[in-house]
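Structural overview
The lines below spell out each chain.
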Amino acid sequence: MSVGTNTAVDVRIMTRAELALHGVRLEAPVRRPDGAGPSDDGHVLVDGANAALPTNPDSPYSVRDGRVWLGNDDTGLTLSAVDRPKFYDLTTADGIPYEHIARLHGADVLATTVVQTCIRYAESDRCRFCTIEESLRAGATVAAKTPAQLAEVAEAAVRLDGVRQMVMTTGTTTGPDRGARTLVRSVRAVLEAVPGLPVQVQCEPPGDLAWIRALHEAGATAIGIHVESLDEEVRRRWMPGKSSVPMSEYEAAWDEAVRVFGPNRVSTYLLVGLGEDPDELIAGAVELIDRGVYPFVVPFRPMRGTLAARDGIEPPGAELLRYVTEGVAAGLRTAGMSGADQKAGCAACGACSVLRSAGG
């Protein structure tokens, strides 16, 4: 491990890493406080690009006149909060707020968890960074979104707020498809209402890989099959239920997805800060790149309500995040892979990662 040995550190990337971890003193109208993912954040634009940052009153960073300041020093970065979208003011015919069906991420991404429950949410099986069912318990969403509801909200979000892409994830279901079947129906309905809208789907490797082709044929633009860590010990410790799916299934699913969707239309989350050796993480990410899979490197940030937060686990240091991000971004540049080229999904949005600032 050679974290910290590079003397030519890009100050802007380091600042962006600090912001990702420590956030900014800012009220953000668009926030995502919990759900099926690793980050609790407010949605802003940093230098015009989507960014999901903790809104932290204790952060050393503040915003004045649209610029990010560290104490009395201007960092050179611009920052503006994303406005509350108009579609949040609407409700379905049966009285469900549109915001409970899907939410705005960044300035132009509509995101939804189609099934807000997960068969792996018992404490003994739960991913330690996830709060997929907490937003449901808080009354901020509904357990299952129907294809008709998703189509209705997507049409309004595109028409009223200029949404340009959509992300559909799901909790893992009991069937062998692990949620892919529901995603197929949902994609079809949305694209009937909004033809041409780029959509990324996210699920565990389906037991029958034919579901990957079904998702593509339904109209999905890209797919995320998220492993979070390539280290088996880390997987067992952080994702006791999900790690029961062997890495060989992930590899088979990634390869089939690349065959069906094409290179750089398949992505996977890799979390920085779970204890994986950083050089091994970078090497594993480069192997994914060689497969045609985009490794979306994101810092672990302990969200309220997670097992990790309960146990007092801290996020990684900014130097570690900077080191891994720059290493993975270098591999992406060598391969000519850009998250923006995926058209839809986490890599296309880029908000939860520092990769775009590093040229990935």
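A short tour of the structure in this document, coming up. Since we're looking at a predicted model, the values are computed, not measured.

Reading the values: rules and limits
- Residues numbered from 1 in each chain as written.
- Predicted model: local features only at pLDDT ≥ 70, side-chain atom pairs only at ≥ 80, totals over all residues.
- Heavy atoms only, no water.
- 1 Å grid on protein atoms, 1.4 Å probe; cavity = no way out; pocket = protein on both sides within 12 Å on 5 of 7 lines; lining within 4 Å.
- Points joined across faces, edges and corners; volume = space filled by probe spheres on them.
- Nonpolar A, V, L, I, M, F, W, Y, C, P; charged D, E, K, R; others polar.
- Phe/Tyr/Trp six-rings, centres within 6.5 Å; stacked < 30°, edge-to-face > 60°.
- Helix = DSSP H or I, 4+ residues; strand = E, 2+ residues; numbered from the N terminus.
- Buried < 20%, exposed > 50% of the residue type's maximum accessible area, 1.4 Å probe, protein only.
- Lys NZ or Arg CZ within 6 Å of the ring centre and 35° of its normal.
- Lys, Arg positive; Asp, Glu negative; His and termini not counted.
- Salt bridge = Lys/Arg side-chain N within 4 Å of Asp/Glu carboxyl O.
- Polar contact = N/O pair within 3.5 Å; in protein donor to acceptor, adjacent residues only side chain to side chain.
- Contact = heavy atoms within 4.5 Å.
- Disulfide = S-S within 2.5 Å.
- Expected span 1.5 Å × (residues − 1).

**Side note on the layout of surface pockets**
- Roughly 260 Å³ of volume is contained in the largest pocket.
- What lines the largest pocket is a set of 14 residues, among which Asn50, Asp108, Arg164, Gln165 and Ala348 lie closest to the centre.
- Its residues assigned to classes, the lining of the largest pocket shows 7 nonpolar, 3 polar and 4 charged.

**Topic: the packing of aromatic side chains**
- Under the definition given, this model contains 4 aromatic pairs.
- Aromatic side chains tryptophan 238 and phenylalanine 300 sit 4.9 Å apart centroid to centroid with 70 degrees between the ring planes, which places their arrangement in the edge-to-face category. Residue tryptophan 238 is found in helix H6 (residues 232-238), and its partner phenylalanine 300 is found in the loop between strand E13 (293-299) and helix H9 (307-310); the two are separated by 62 residues along the sequence.
- Residue classification places tryptophan 238 among the buried positions, given a relative accessible area of 4%.
- Across the ring face of tryptophan 69, the terminal group of arginine 64 is positioned such that the distance to the ring centre comes to 4.0 Å.
- Against the face of tyrosine 121 rests arginine 126, its NZ or CZ located 3.9 Å from the ring centre.

**Some remarks on unusual backbone geometry**
- We note that arginine 178 has phi near 60 degrees; this positive angle belongs to a residue other than glycine.
- Within the secondary structure, arginine 178 is located in the loop between strand E9 (165-169) and helix H4 (180-193).
- A positive phi angle, near 75 degrees, is found at lysine 343, a position not held by glycine.
- The residue lysine 343 is located in the loop between helix H10 (318-335) and helix H11 (346-349) in this model.
- Exposure remark for lysine 343: the relative accessible area of 48% places this residue in the partly exposed category.

**Thoughts on the side chain of aspartate 177**
- With respect to the element layout, aspartate 177 can be found in the loop between E9 and H4.
- Of the side chains with opposite charge, arginine 181 comes closest to the buried, unpaired aspartate 177, at an N-O distance of 4.1 Å.
- A polar atom in the side chain of aspartate 177 sits 3.0 Å from the backbone nitrogen of glycine 179.
- Excluding anything up to four places from it in sequence, aspartate 177 contacts Pro206 and Trp211.

**A look at the state of the cysteines**
- Within this structure, the stated rule accounts for 0 disulfides.
- Left without a disulfide partner, cysteine 130 is nearest to the cysteine sulfur of cysteine 127, which lies 6.0 Å away.
- A relative accessible area of 12% places cysteine 130 in the buried class.
- The cysteine cysteine 346 is free of any disulfide, with cysteine 352 supplying the nearest cysteine sulfur at 6.4 Å.

**A closer look at H10**
- A rise of 1.5 Å per residue sets the reference length of H10, with its 18 residues, at 26 Å; its end C-alpha atoms lie 26 Å apart and thus fit the reference within 8%.
- Where H10 is concerned, the buried positions are Ala318, Leu321, Arg322, Tyr323, Val324, Thr325, Glu326, Val328, Ala329, Gly331 and Leu332.
- Its buried side turned inward, H10 meets helix H1 (11-22), strand E12 (266-272), helix H8 (278-291) and E13.
- The positive-phi residue at the C-terminal boundary of H10 is glycine 336, with phi of around 70 degrees.

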